[in-house]
Amino acid sequence: MALSLLQVGEAKERISAAHKPISETENLNLNQLLGRIISRDILSRVTQPPFDASAMDGYAIHERDCGKEGISLEVIGEVSAGQVAGQTITAGQALRIFTGAPVPDGASAVIIQENTEQIDGRHIRITSAASEGANIRRSGQDFSNGQPLLKAGTQLNARSLSLAAAAGHGTLDVYRRPRIAILATGNELVPLGTLPGPGQISASGGIAIAALAQENGAEIIDLGIARDTRAEIQDSVKRAIAEKADVLLTIGGASVGDHDLIRPVLGGMGMELDFWKVAMRPGKPLMVGRLGEMLVLGLPGNPVSSFVCALLFAEPLLRKLGHLPPRNREASVLLEESMPTNGPRQHFMRGVFTDVSQTSVRALSSQDSSLLQALTQADCLIVRPSYASEAKAGDSVQIIRLA
Ligand SMILES: Nc1nc2c(c(=O)[nH]1)N[C@H]1C(S)=C(S)[C@@H](COP(=O)(O)OP(=O)(O)OC[C@H]3O[C@@H](n4cnc5c(N)ncnc54)[C@H](O)[C@@H]3O)O[C@H]1N2
Ligand code: MOO
């Protein structure tokens, strides 16, 4: 009976309410940390720059020679990046200096070499005056030792990784990623890349679920394909438990047929069923339960159904477990073409944008839950509420963006 099905919003809330972000952490090298979430505040271990440094190639000069043009100065030595000058500058003197080198004692500015001319081997003339402080990067200008730089909960990106490195860190503490075991079930399934024989089909659904899970920060445990036997499904579930999966995502065998064994097998292993069947299309037979510490999401077999269920339910769950901010895929746009009334199940229809600014959509003509080409072409899912009346061209509709 359609009315007894759980509504999509309630199903989402029940999954979310039952799960907390993972608190375990691990310490990893910076080059393994792109996209990861730091578990505590990062303080700097150094002052940056650690010394007053030259920002240019030129000459370090004394305060009294700043603002002057046409004067000649004696060059008393040279310092490049990685060295420390032994000399102290006095008025009338200059020290040849290169970008990144520490500014010598007594110097108040660096004059760029383009604003000087060589008189002889030991003397230069200033052709355009330098103001006091010019071209000197002051010690601590970026940050100082002990300063908080990144807050716990920050997702590391290219820039923050560089900041952490400059602050003296080679490793950081991050939350461990959620571990997601993916199991395809069905006698008809053949592994990816194998051409199907009579009655067979590629187990194509799992790769989409794995990719989506990875996009959402998960670590994948690929359990491969189990045939529709209690023993094979049980063995695969035991592997998921042994590998400490946080979530087991099964694909197929979720419906009511004689070969749909996921629910009975997991039930026999002690799974507490939270709910089974949601008022949605595609994806009605979705099942959610808990087996010990492991959450189980039983996705329907049709590849569009499994993907839509993963997008709606697994994505927010994985992001919550992994401390990632929720991803808002929802938008409101205009319909380009009318749409018929909808039945009892909320319908997530594959749609495409009809203008470059992505403000209007139309549904693709083929909406069967086995059609991967249409799913791949789609830009969004157009959300049609349960029992929606006909929608007309120009009406506003809710969508879920796929990209
Ligand atoms: N009598 C009823 N029959 C069905 C109902 C129903 O309410 N009453 N629901 C239908 C709906 S809706 C769906 S969705 C499917 C889902 O059923 P299952 O989860 O049991 O899926 P299977 O029967 O195992 O497979 C369905 C379909 O998908 C193919 N498949 C399975 N796994 C994969 C995979 N990993 N990659 C690609 N394709 C896969 C499978 O070969 C089937 O063609 O049930 C309806 N039936
Ligand atoms: O809900 Mo099924 O997922 O329509 O194909």
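Quick caveat: nothing in here was measured; it's all calculated off a predicted structure.

### A closer look at helix H6 (residues 303-321)
Along H6, the sharpest kink reaches roughly 40 degrees, centred on Ala310. Just beyond H6, the residue with positive phi is His323, at close to 65 degrees.

### A look at the site of ligand 1
Around ligand 1 sit 22 residues in total, of which Glu188, Gly205, Ser255, Lys284 and Gly301 are the nearest. In the environment of ligand 1, an oxygen atom lies 3.0 Å from a nitrogen or oxygen atom belonging to the side chain of Asp260. Taking Lys284, its side chain carries an N or O atom lying 2.7 Å from an oxygen atom of ligand 1. Burial of ligand 1 by the protein amounts to 70% of the accessible area it has alone, namely 870 Å². At the level of elements, strand S15 (201-202) and H6 are the ones that each hand at least two residues to the shell around ligand 1. Looking at the shell around ligand 1 residue by residue, the classes come out as 10 nonpolar, nine polar and three charged.

### Quick notes on unusual backbone geometry
Residue Pro49 follows Gln48 across a cis peptide bond; omega there is -10 degrees. Along the chain, Pro49 falls in the loop between strand S2 (42-43) and strand S3 (53-54). The omega torsion of the bond from Arg281 to Pro282 falls at -5 degrees, within 30 degrees of zero and hence cis. Considering the arrangement of structural elements, one finds Pro282 in the loop between strand S19 (280-281) and strand S20 (287-291). A positive phi angle, near 55 degrees, is found at Lys244, a position not held by glycine.

### Here we look at the domain arrangement of the protein
With domains assigned, the protein is organised as domain 1 (8-23 + 177-322), domain 2 (25-45 + 153-175), domain 3 (53-137) and domain 4 (330-401). Each of domain 1 and domain 2 has a C-alpha centre, and these two points are 32 Å apart. In this complex, domain 1 contributes four residues to the contact, which on the side of domain 2 involves five residues. Here domain 1 and domain 2 share an interface that buries about 350 Å² over both sides, 45% of which is from carbon and sulfur atoms. Run the count over domain 1 and domain 2 and you get zero salt bridges. Summed over the shared surface of domain 1 and domain 2, the result is zero residue pairs in polar contact (both at pLDDT 80 or more).

### Examining the nonpolar core
Met280, Phe313 and Phe348 are the most contacted members of the largest nonpolar core, which totals 45 residues. Residue contributions to this core peak at 12 residues, all from H6. Both domain 1 (8-23 + 177-322) and domain 4 (330-401) contribute no fewer than three residues apiece to this core. Excluding residues within four positions of it along the chain, Phe313 makes contact with Val8, Ala11, Lys12, Ile15, Val278, Met280 and Leu286. Grouped together as the second largest cluster of nonpolar side chains are 19 residues, Ala181, Ile262, Val265 and Met271 included.

### Digging into the pattern of salt bridges
Counted under the stated rule, the structure contains 12 salt bridges. Among the salt bridges present, the one from Asp173 reaches Arg40, with a minimum N-O distance of 2.8 Å. In this pair, Asp173 is assigned in strand S12 (residues 171-175) and Arg40 in the loop between strand S1 (25-29) and S2, connecting sequence segments 133 residues apart. A single network of salt bridges, built from pairs that share partners, joins Glu10, Arg14 and Asp274.

### Re the sheet that holds strand S21 (residues 294-299)
Taken together, the six strands give an open sheet; going across it, the order is S16-S13-S17-S21-S20-S18, and neighbouring strands pair in mixed fashion. A single partner strand is all that each edge strand has here, and the edge strands are strand S16 (219-226) and strand S18 (272-276). Geometrically, the sheet is characterised by an average inter-axis angle of 20 degrees between neighbouring strands, direction not taken into account. Two strands pair when backbone bridges link them, and strand S13 (residues 179-185) and S16 are joined in this way by six bridges, in the parallel orientation. The partner of Ile182 across the bridge, within S16, is Asp222. On top of the sheet, helix H1 (residues 8-17) reaches S18, S20 and S21; it is set at about 155 degrees to S18, its chief contact. Against the sheet, H6 makes contact with S13, strand S17 (247-251) and S21, and its axis sits at roughly 160 degrees relative to S21, the strand it touches most.

### Side note on the state of the cysteines
Counted by the stated rule, this structure contains zero disulfides. In this model Cys309 remains outside any disulfide bridge; the closest cysteine sulfur is found in Cys380, 18 Å from its own.

### Regarding the sheet that holds strand S4 (residues 58-62)
Working definition: the strands of a sheet are paired by backbone hydrogen bonds and lie parallel or antiparallel to each other. Pairing in this open sheet of six strands is mixed, and the strands run S7-S4-S6-S5-S9-S8 from one edge to the other. Edge strands, defined here as strands with exactly one partner in the open sheet, are strand S7 (107-112) and strand S8 (116-120). This sheet shows a mean twist of 40 degrees between the axes of neighbouring strands, independent of strand direction. Note: S4 against S7, five bridges, orientation antiparallel. Looking at the pairing, Gly58 lines up with Ile112 of S7.

The rules behind each value
Chains are numbered independently. Their residues run from 1 in the order of the written sequence. Naming scheme: in the order in which they are written, chains are lettered from A and ligands are numbered from 1. Local features are withheld for residues below a pLDDT of 70 in this predicted model, meaning they are given only at 70 or higher, and side-chain atom pairs are given and counted only at 80 or more; totals for whole chains, interfaces and linings count all residues. Based on all heavy atoms of the structure, the side-chain values leave hydrogens and waters out of the count. Fitting axes to the seven residues that end at a residue and to the seven that start at it, the angle between those axes gives the bend at that residue. In DSSP terms, a helix is any run of H or I states spanning at least four residues, a strand is any run of E spanning at least two, and both are numbered starting from the N terminus. Here a residue is considered near a molecule or strand provided that any single heavy atom belonging to it is located within 4 Å of it. Think of a polar contact as two N or O atoms within 3.5 Å of one another; within protein, one of them needs to be a possible hydrogen donor and the other a possible acceptor, and neighboring residues in sequence only count if both atoms come from side chains. All accessible areas in this document rest on Shrake-Rupley with a 1.4 Å probe, and a residue is counted as covered only by the protein chains that are shown. Classification convention: Asp, Glu, Lys, Arg as charged; Ala, Val, Leu, Ile, Met, Phe, Trp, Tyr, Cys, Pro as nonpolar; all other residues, Gly among them, as polar. The split into domains, and so the bounds of each, comes from an automatic or database assignment of domains. Should any heavy atoms of two residues lie within 4.5 Å, those residues are counted as being in contact. The buried area of a pairing is the accessible area, by a 1.4 Å probe, that goes missing from both parts when the two are put together, added over both. By definition here, a salt bridge exists when the distance from a side-chain nitrogen of Lys or Arg to a carboxyl oxygen of Asp or Glu is within 4 Å. Buried Ala, Val, Leu, Ile, Met, Phe, Trp, Tyr and Cys residues form a nonpolar core when they are joined through side-chain atoms within 4.5 Å. Each residue is placed in one exposure class: buried if its accessible area under a 1.4 Å probe, protein chains only, is under 20% of its type's maximum, exposed if it is over 50%, and partly exposed if it falls in between. In this scheme, strands are said to pair when DSSP sees at least two bridges between them. Think of each axis as a best-fit line through the C-alpha atoms, taken over the contacting stretch in the case of a helix, with angles from 0 to 180 degrees between the N-to-C directions. Defined by distance alone, a disulfide is two cysteine sulfur atoms within 2.5 Å.

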